[in-house]
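Residues per chain, in single letters:
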Amino acid sequence: DTGVSQDPRHKITKRGQNVTFRCDPISEHNRLYWYRQTLGQGPEFLTYFQNEAQLEKSRLLSDRFSAERPKGSFSTLEIQRTEQGDSAMYLCASSQRGDSYNEQFFGPGTRLTVL
Amino acid sequence: AQSVSQHNHHVILSEAASLELGCNYSYGGTVNLFWYVQYPGQHLQLLLKYFSGDPLVKGIKGFEAEFIKSKFSFNLRKPSVQWSDTAEYFCALRAAGNKLTFGGGTRVLVKP
């Protein structure tokens, strides 16, 4: 399967714990995006990488959130000191610079539940 | 700042009925517009996109959408739905930069 993959698919944690999610984009894609989707809402943009450079961050991304893409391939999203309001689906997408449509391909998401 | 609104949160219809989902956006400049679909248990998939040119765009599975600039709208249509069209549909725009701004989604249930 050459699509976007995310791990884990589900994560249950207690409030105050740290969690880390991983995203593997489509192999030739150099752009990677993180979105968050809460129940009944559409996805909301969190941050975006081109290769290893983090080029844009939403104000939704509080200082408890950090994302990395150290080698320009996979990315991690870490949430420190989780809160119940962090419960959501975290989506990753990738696209190819140079594709005139910049179509974003989405992964299956990681569902986070904070107890 | 840009925003997208989808008027219907839930739509229920029978097979062979026609479907139209509304999408309006707010942004003063050039936009690219998308419709994504999420089938039960699956990830978001692109249905169709508008970048420029013919305002009537055709996508996969018989869907089409019309961009009406004067109304800031990009409504999705399908003349005859099937049970397999049961899904959640999201309208999205890309304005400045590369991020997508999504609407709240419309859940469509097609009764067999």
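Since this is a predicted model, take the numbers as computed values, not measurements.

### Considering the overall build of chain B
Of regular secondary structure, chain B possesses 0 helices and 12 strands. For chain B, the sequential pattern of α-helices and β-strands runs β-β-β-β-β-β-β-β-β-β-β-β. Here chain B has a C-alpha radius of gyration of 13 Å; the compact-globule value for 112 residues is 13 Å, and the two agree. Burial statistics for chain B: of 112 residues in total, 50% are counted as buried. Carbon and sulfur atoms provide 52% of the accessible area of chain B, an area that totals close to 5,300 Å². One way to put it: in chain B the 11 positive side-chain charges average out to a point 7 Å from where the 7 negative ones average out.

### Notes on the sheet that holds strand 8 (residues 75-79) of chain A
Residues and elements named next belong to chain A. A sheet is described by the order of its strands in space; here 4 strands give the open sequence 1-3-8-7, paired in antiparallel fashion. Sheet topology places strand 1 (5-7) and strand 7 (65-68) at the edges, where each strand pairs with a single neighbour. On average, adjacent strands in this sheet sit at an angle of 15° to one another, irrespective of strand direction. As paired strands, strand 7 and strand 8 are joined by 4 bridges and run antiparallel to one another. What sits directly across from Ser66, in strand 8, is Glu78.

### Observations concerning the packing of aromatic side chains
For the structure on display, the rule yields 18 aromatic pairs over all chains. Each residue in the set A:Tyr33, A:Tyr35, A:Phe45, A:Tyr48, A:Phe106, B:Phe34, B:Tyr36, B:Phe51, B:Phe90 and B:Phe102 is aromatic and connected to the rest through ring pairs, giving one cluster. A cation over an aromatic ring shows up here: A:Arg22 above the ring of A:Phe74, its NZ or CZ 3.9 Å from the ring centre.

### Re the state of the cysteines
Such a bond, covalent and formed between the sulfur atoms of two cysteines, is termed a disulfide. All chains considered together, the criterion is met by 2 disulfides over all chains. Here A:Cys23 connects covalently by a disulfide to A:Cys92, the sulfurs 1.8 Å from one another. Disulfide A:Cys23-A:Cys92: the torsion about the S-S bond is -70°, which places it as left-handed. With a gap of 69 residues between them, A:Cys23 in strand 3 (residues 19-24) and A:Cys92 in strand 9 (residues 88-95) connect regions that are remote in the sequence. Each sulfur in the disulfide pair B:Cys23 and B:Cys91 lies 1.9 Å from the other. Disulfide B:Cys23-B:Cys91: the torsion about the S-S bond is -65°, which places it as left-handed. Here B:Cys91 lies in strand 10 (residues 87-94) and B:Cys23 lies in the loop between strand 3 (19-21) and strand 4 (24-26), a separation of 68 residues in the sequence. Comparing B:Cys23 with B:Cys91 shows no difference in burial state: the two are buried.

### Points about the interface of chain B and chain A
Contact residues are listed per partner, giving 16 residues for chain B and 20 residues for chain A. Across the chain B to chain A interface the summed buried area is about 1,500 Å²; carbon plus sulfur atoms make up 56%. Among the salt bridges present, the one from B:Lys99 reaches A:Glu56, with a minimum N-O distance of 3.8 Å. Counting across the interface, chain B meets chain A through 5 residue pairs in polar contact (both at pLDDT 80 or more). Elements with a contribution of two residues or more to the side of chain B that touches chain A: strand 5 (32-38), strand 6 (45-50) and strand 10 of chain B. The element best represented in the side of chain B that touches chain A is strand 5 of chain B, accounting for 3 residues.

### Structural notes on the pattern of salt bridges
Applying the stated criterion across every chain yields a total of 9 salt bridges over all chains. A single salt-bridge network, built from bridges that share partners, covers B:Lys58, B:Glu64, B:Glu66 and B:Arg77.

### Quick look at the pairing of strand 5 of chain B
If a strand is regular, its side chains alternate between the two faces of the sheet. Residues and elements named next belong to chain B. Taking burial as the measure, the 7 residues of strand 5 include 7 buried ones, the bulk of the element. Where burial is concerned, the two faces of strand 5 agree: the one with Asn32, Phe34, Tyr36 and Gln38 and the one with Leu33, Trp35 and Val37 are both buried. By the bridge criterion, 7 bridges tie strand 5 to strand 10 in an arrangement that is antiparallel. Within strand 10, the residue paired with Asn32 across the bridge is Arg94. Once strand 5 ends, the chain turns through 6 residues before running back antiparallel as strand 6, passing Gly41 with a positive phi of about 75°.

Scoring rules and cut-offs
- Residues numbered from 1 in each chain as written.
- Chains lettered and ligands numbered in written order.
- Predicted model: local features only at pLDDT ≥ 70, side-chain atom pairs only at ≥ 80, totals over all residues.
- Heavy atoms only, no water.
- Helix = DSSP H or I, 4+ residues; strand = E, 2+ residues; numbered from the N terminus.
- Rg over C-alpha atoms; globule rule 2.2 N^0.38 Å.
- Buried < 20%, exposed > 50% of the residue type's maximum accessible area, 1.4 Å probe, protein only.
- Areas by Shrake-Rupley, 256 points an atom, 1.4 Å probe, with all protein chains shown as cover.
- Lys, Arg positive; Asp, Glu negative; His and termini not counted.
- Charge placed at Lys NZ, Arg CZ, Asp CG, Glu CD.
- Pairing = 2+ DSSP bridges.
- Axes fitted to C-alpha atoms, helices over the stretch in contact; angles between N-to-C directions.
- Phe/Tyr/Trp six-rings, centres within 6.5 Å; stacked < 30°, edge-to-face > 60°.
- Lys NZ or Arg CZ within 6 Å of the ring centre and 35° of its normal.
- Disulfide = S-S within 2.5 Å.
- Contact = heavy atoms within 4.5 Å.
- Buried area = accessible area lost by both parts, 1.4 Å probe.
- Salt bridge = Lys/Arg side-chain N within 4 Å of Asp/Glu carboxyl O.
- Polar contact = N/O pair within 3.5 Å; in protein donor to acceptor, adjacent residues only side chain to side chain.

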